[in-house]
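# Summary of the model geometry
The primary structure of each chain is shown beneath.
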Amino acid sequence: MERSGPREPLLAARGRSGATGGGEGSPCLGAAVNPSRHAATAAPPRAAGRSGPGSLPGRAPPSVSEGGAEESPPEPPRRESRRSMAGADSRHPPAPGEDTKPFTPEKAKEIVMSLQQPAVFCNMVGDWPALHWNAKYLSTVLDRRTIQFRLGLKTMDLVPQFETRCSYVEATLEEFLAWSCGQPTGLSGPFSCYEYSKYWAYADYKYIARIFEDKPEIFQDVRWSDFGFPGRSGKESTLWIGSEGANTPCHLDSYGCNLVLQVQGRKRWHLFPPGDTSFLYPTRIPYEESSVFSKVNVANPDLKRFPEFRNATAHVTTLSPGQVLLVPRHWWHYVESVDPITVSINSWIELDSDHEARVEEAITRMLVCAIKSAENPSDGDGWLNPTEVEPTSHEINLQYLNRAVSAYFRCPKASMLEQAHASSTGAEQRTSTSCKRKKREGGGEPEDCRLLTQELGFSTFTAEKLQKIPFGPHLTQVLPQSPETSSMGAVAVESEGRDLLPENEGGHFRKLHCTRKQWVMSNDCEKPPHPMDPDSSPSTSHTALSTNDLLDCLVNPHVISLVARLLLERTRV
């Protein structure tokens, strides 16, 4: 989602389908469609390095084996950048300095593959023909071909507007533009049922390889080879077209890292580091492969229900046309369109760590499908995200798991990664012991322990490496946002909620005396005891647990990671 997927296909992919019914809030009967019934919306086959355990259903990007980075022949030696074969006029040589880029492809790739914090590349895509892909141009190229739009309410709720709560229409870009520009309703087709002042529309996650399948020459307008990924073009990318207010709920992608090119309009990105996972209350409901959602509406957080969110550190940036955002692995992100019309292009970059992630996703799928499928269907719980066609059977899920494990052990770097993890775990344990001893002796937590713990807690990217990254006008860091400048409203809600929350509310999440990343890393901080009122009973304020409550614990990312490692160790033996 402004999302995310093995090195080879193992089972036929199911792909992105649409919503059921019309979603909640549809003001017009019959206006919404059930895209899961349209074969045209099925995802392309998955292949090298992209999807779940071989080919788990969900949001894995298209195959890169059909022209992607891994199977393409190496490019011949070249200068820092090339002019577009499609966009350059061969009769006029480039002006001095016009063809140069601040980073060579090799250097750009080094940054992408090593940097563990979000950053924005500038002045890298000035010669890409894709910069002309505004909505009007794309409308002409698509030639009245319909695509699916997701519609949501602009009103701000305390609950995230998941895709299961949205309406869906099939419409042309001409109709979308007419609706966005306030033209007569007769020109806006199915959008005429949705008042522009109340709704936003989003044509999100559109595979360029599919919507332009009859115009393959357009793939070359996108040149990720300038970032060190030869052969990667629009064919391995997805397109996002939205109106003002269109947004993607806060989530993290299980696979790869993400490069996002802004083409038209601006988008605001709220990013949170992997170490903030516990503060974002992760959930797999609604379920889709490769996406872990947050239960918090980060644009309007409910701090009474999610008090630990006040400990999360938002990194906020507004991406403008011509800029490329790097979203590192497992960084949470909430994305919203801030201009009347926005167009973005993204591509997910495979990582060696995806092999283990596929095992984790297979375990998660097996548990979620088994438990949720056992519920009474009449409960009306829309637990399956519209991107998933249907629940998969236990037999199929077991095949996914076995093939994911087999693929993991076929990866030549799997054992190296496992050894690195063991070494990192040992370092964390040694650091924990040392810090606990210093804390007991000094009565507080030493600064050096706090910094080291934070570093080990969510990243092995050292400060020394960070200093070598060439930050400057061509590569800018997305820095943490101070509470005073937060645009998400958390500060105002926090001041109201803090007095209403007892110090120990929030269960095992409540460890404010621990440092943020230390909580994720270990259990070193002992929670001070809070005596129970002798007149109180554990069941006095108890709320009945639901299946989803159980799943939030069973498939919590930390739990699934541990289960995957235990399973891999057992399989190795």
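On a predicted model such as this, the values are computed, not experimentally measured, just so you know.

### Comments concerning the sheet that holds strand S3 (residues 167-171)
One open sheet accounts for nine strands, arranged S3-S2-S4-S5-S14-S7-S12-S1-S15; its pairing is antiparallel. Of all strands in the sheet, those bounded by a partner on one side alone are S3 and strand S15 (475-477). When the angles between neighbouring strand axes are averaged without regard to direction, this sheet yields 25°. The pairing of strand S2 (residues 147-153) with strand S4 (residues 199-207) spans four bridges and is classified as antiparallel.

### Concerning the pairing of strand S6 (residues 247-253)
Both faces of the sheet carry side chains from a regular strand, because those side chains alternate between them. Burial within S6 is extensive, with seven of its seven residues counted as buried. Here S6 runs beside strand S10 (residues 291-294); their pairing, made up of three bridges, is antiparallel. Looking across to S10, one finds that His251 is bridged to Phe293.

### Description of empty space enclosed by the protein
Its boundaries defined by the atoms lining it, the second largest cavity holds a volume of some 40 Å³. Lining the second largest cavity, in full, are Asp253, Tyr255, Gly256, Cys257, Asn258, Val327, Pro328, His330, Trp331, His333 and Trp348. In the lining of the second largest cavity, the residues fall into six nonpolar, four polar and one charged.

### Regarding the pattern of salt bridges
Summed over all chains, the structure comprises 17 salt bridges. Of the charged contacts in the structure, one is a salt bridge between Lys101 and Asp127, with a shortest N-O distance of 2.7 Å. Placement of Lys101 in the segment before helix H1 (105-114) and of Asp127 in the loop between strand S1 (119-121) and helix H2 (135-142) is noted, with a sequence separation of 26 residues between them. As far as the burial class goes, Lys101 and Asp127 line up, both buried.

### A look at the sheet that holds S10
An order of S9-S10-S6-S13-S8-S11 is seen for the six strands of this open sheet, with the pairing classed as antiparallel. Here the strands that pair on one side only, and so sit at the sheet edges, are strand S9 (282-283) and strand S11 (315-319). Bridging between S9 and S10 involves two bridges; their strand directions are antiparallel. Bridge assignment links Pro282 to a residue of S10, and that residue is Ser294.

### Structural notes on the side chain of His315
Tracing the backbone shows His315 in strand S11. A distance of 3.3 Å separates the side chain of His315 from the backbone oxygen of Thr313, its partner in a polar contact.

### Brief notes about helix H13 (residues 557-572)
Taking 1.5 Å as the rise per residue, H13 with 16 residues should run 22 Å; its terminal C-alpha atoms sit 22 Å apart, in good agreement. Listing the buried residues of H13 in full gives Ile560, Ala564, Arg565 and Leu568. Looking straight down H13, one finds that the buried residues subtend no more than 135° of arc, so they occupy a single side. For H13, the exposed residues lying more than 90 degrees away from the buried face are Leu562 and Arg570. Of the residues flanking the start of H13, the one acting as N-cap is Asn556, its side-chain oxygen 2.9 Å from the backbone nitrogen of His558.

Criteria and thresholds
- Residues numbered from 1 in each chain as written.
- Predicted model: local features only at pLDDT ≥ 70, side-chain atom pairs only at ≥ 80, totals over all residues.
- Heavy atoms only, no water.
- Pairing = 2+ DSSP bridges.
- Helix = DSSP H or I, 4+ residues; strand = E, 2+ residues; numbered from the N terminus.
- Axes fitted to C-alpha atoms, helices over the stretch in contact; angles between N-to-C directions.
- Buried < 20%, exposed > 50% of the residue type's maximum accessible area, 1.4 Å probe, protein only.
- 1 Å grid on protein atoms, 1.4 Å probe; cavity = no way out; pocket = protein on both sides within 12 Å on 5 of 7 lines; lining within 4 Å.
- Points joined across faces, edges and corners; volume = space filled by probe spheres on them.
- Nonpolar A, V, L, I, M, F, W, Y, C, P; charged D, E, K, R; others polar.
- Salt bridge = Lys/Arg side-chain N within 4 Å of Asp/Glu carboxyl O.
- Polar contact = N/O pair within 3.5 Å; in protein donor to acceptor, adjacent residues only side chain to side chain.
- Expected span 1.5 Å × (residues − 1).
- Arc of directions from axis to C-beta.

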